[in-house]
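Structure at a glance
As a plain string of letters, each chain reads:
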Amino acid sequence: MRLASRFALHFAVAGAVAAQTPPPGTTVLRAARMLDVKTGTVVANATVVVTGSRIVAAGANVATPAGATVIDLGGAVLLPGLIDAHTHLLQNYEGRFGSDDPNMVLTVAALGTTRRALLGAAMGRQDLEAGITTVRDLGNSGLNGDVALRDAINSGWVVGPRIVAATRALAAAGGQFGGLAPEAQQLIANEYVVISGVEDARRAVRQAFYDGADVIKVIVNTGPRVVAVDELKVIVEEAHRVGKRVAAHATDDQATRIAADAGVNSIEHGYSLPDDVIKTMKDKGIFLVPTDYPAQFYVDALGGMVTPEQRTQRMAAAQPFVARSADRLRRALRAGVRIAYGSDEYYNAPGRSRGQSSLLTLQAYQEAGMSPLEVLRAATLNSADLLGMGDRIGAIEPGKFADIIAVDGDPLKNVQDLQRVRFVMKGGQIVRNDSAARK
Ligand SMILES: [Zn+2]
């Protein structure tokens, strides 16, 4: 029922925005503070001048051009739009249906690509309104539904974040499906491209680019089904030849080592990172995308259908996992591995929009010991570099896209305050402005 009502809402939204055109002229944003993510300094009495889709000036002593529209954001702090480098906008699993395995069957078999693309429009809008202006959407989008959504957003048909799309993830037999009966296994190809052998791997990469992929996603391990290092090296070679990147889902010692040896661009999750793998990551400039959450998240993910005893059990199970994740994040940081922000959120989180839920990952980073500035850099500069878009997004500076958010409170003390976003601009277009709504 939730899904049905969301579709209805977002059909209406798509109709309302179809006639939008880029804002003409110049807009000036003013706020008490602005974070320069590169230097780590806070600029007081900040002014940002935006013309069309780009920033033309930003700083403390910037003149307001005549005729510009001025938006005064008062005591808020201006930050670059956030960049979530690991999303699944075309999934919204329901805890009441169980965990990943039954949800994946339902999503692939019952929703299908076209409805999932519309679901993705809803999830994307929720991300954008929470301050996430760019996402790298890493598979689980049916038959290239992520490409359709990306192109629809770029065409102005729907409002959403910039999308770097992966098309179907490459994987060993079965993809990430739980056990499917033989007669149901044709479902797998609707979600994953199964590869076996180097030529198969090469063909899959070329097919992904034909399908519209900006980035290649590989599932290195799912239980005992593991992509071999020679297969992954060919995937990296094919992608890098044409200037594209490879994101590797890898969760254990063996898989993270295969991913690092093959020279992928990012290791996703990396729950287990032995020291030799961390060293290879540092040497090769491989990013870690830690898809972590505070322990409470794993308890809440069950929704309302839990007894107090179950909550206690769930928390007891979550805490050691969260502690191990925090430890591997600190070890990676100490070794100089670059961290990019990735939420990997794909469950309906009661009481929170997709974007609000995704921001909890940043809280987990701070709880693991990253400073708020390091966290904000992971979600801006580092993610922009991982996406190969560091020249266009990730900082508030002249020449970059005007992807700018305003946040109440002090996210430089506590990144939880990112939940208090009240203004969002993407490419010079105002997506959200709560202060205007209050007038
Ligand atoms: Zn994921």
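To keep things clear, this report deals only with the structure shown in the data block. Since this is a predicted model, take the numbers as computed values, not measurements.

A short note on the environment of Glu345
Looking at where Glu345 falls in the secondary structure, it is placed in the loop between α9 (308-334) and α10 (354-358). Residue classification places Glu345 among the buried positions, given a relative accessible area of 3%. Sequence separation between Glu345 and Thr291 is 54 residues, and the spatial gap between their C-alpha atoms is 8.4 Å. Sequence-distant contacts of Glu345, that is, excluding residues within four places in its chain, are made with His86, His88, Tyr293, Phe297, Arg354, Ser357 and Ser358. A polar contact of 2.3 Å, which involves the side chain of Glu345, links it to the side chain of Ser357.

Observations regarding the coordination of the zinc ion
The zinc ion binds to the protein through His86 (NE2), His88 (NE2) and Asp344 (OD); the donor distances cover 2.1 to 2.2 Å. Classification of His86 by relative accessible area gives buried; the value is 0%. Take His88: its relative accessible area is 3%, and that puts it in the buried class.

Observations concerning the pattern of salt bridges
Using the criterion set out here, one finds 28 salt bridges in the structure. The shortest N-O distance in the salt bridge between Asp292 and Arg328 comes to 2.8 Å. Linking Asp292 in the loop between β16 (287-289) and α8 (295-300) with Arg328 in helix α9, this pair joins segments that are 36 residues apart in sequence. Relative accessible area serves as the criterion here: at 6%, Asp292 is assigned to the buried category. One network of salt bridges, with partners in common, ties together Glu199, Arg202, Arg206, Glu237, Glu238 and Arg241.

Thoughts on the sheet that holds strand β6 (residues 82-87)
Spatially, 3 strands are ordered β6-β7-β8 in an open sheet, and the strand pairing comes out parallel. Whereas interior strands pair on both sides, the edge strands pair on one side only; in this sheet they are β6 and β8 (162-165). Averaged over all adjacent pairs, the angle separating strand axes in this sheet is 15°, with direction ignored. The sheet strands contacting helix α12 (residues 372-386) are β6 and β7 (132-137), and the helix crosses β6 at an angle near 55°.

Examining unusual backbone geometry
For Asn144, which is not a glycine, the phi torsion comes out positive at approximately 65°. With respect to the element layout, Asn144 can be found in the loop between β7 and α3 (145-154). Overall, the relative accessible area of 18% leaves Asn144 in the buried class. Of note, His269 is a non-glycine position whose phi angle comes to about 75°, a positive value.

Looking at the nonpolar core
Grouped together as the largest cluster of nonpolar side chains are 82 residues, with contacts concentrated most on Leu232, Ile235 and Leu362. Top element by residues in this core is helix α2 (residues 100-129). It accounts for 7 residues. Setting aside anything within four residues of it in sequence, one finds Ile235 in contact with Leu170, Ile195, Ala201, Val205, Ile216, Val218 and Val246. Counting 18 residues, the second-largest nonpolar core is a separate cluster that includes Val43, Ala402, Ile404 and Met425.

Considerations on the packing of helix α6 (residues 253-262) against helix α7 (residues 275-284)
Packing of α6 against α7 brings their axes to within 9 Å, and their N-to-C directions diverge by 25°. On the basis of the axis angle, α6 is roughly parallel to α7. Judged by the sense of rotation from one axis to the other, the crossing of α6 with α7 is left-handed. Here Asp253, Thr256, Arg257, Ala260, Asp261 and Ala262 of α6 lie close against α7, whose contacting residues are Asp276, Val277, Thr280, Met281 and Lys284. Counted by class, the contact of α6 with α7 contains 4 nonpolar, 2 polar and 5 charged residues.

What to know about the environment of Val70
One can find Val70 in strand β4 (residues 69-72). Relative accessible area serves as the criterion here: at 38%, Val70 is assigned to the partly exposed category. For the pair Val70 and Ala121, spaced 51 residues apart in the sequence, the C-alpha separation amounts to 30 Å. Discounting residues that sit within four places of it in the chain, Val70 has contacts with Val28, Arg30 and Thr64.

Thresholds applied
- Residues numbered from 1 in each chain as written.
- Predicted model: local features only at pLDDT ≥ 70, side-chain atom pairs only at ≥ 80, totals over all residues.
- Heavy atoms only, no water.
- Helix = DSSP H or I, 4+ residues; strand = E, 2+ residues; numbered from the N terminus.
- Buried < 20%, exposed > 50% of the residue type's maximum accessible area, 1.4 Å probe, protein only.
- Contact = heavy atoms within 4.5 Å.
- Polar contact = N/O pair within 3.5 Å; in protein donor to acceptor, adjacent residues only side chain to side chain.
- Donors = N, O, S within 2.8 Å, 3.2 Å for Na, K, Ca; no water.
- Salt bridge = Lys/Arg side-chain N within 4 Å of Asp/Glu carboxyl O.
- Pairing = 2+ DSSP bridges.
- Axes fitted to C-alpha atoms, helices over the stretch in contact; angles between N-to-C directions.
- Core = buried A, V, L, I, M, F, W, Y, C linked by side-chain atoms within 4.5 Å.
- Parallel < 35°, antiparallel > 145°, perpendicular 65-115°, else oblique.
- Left-handed = near helix turned anticlockwise from the far one by under 90°.
- Nonpolar A, V, L, I, M, F, W, Y, C, P; charged D, E, K, R; others polar.

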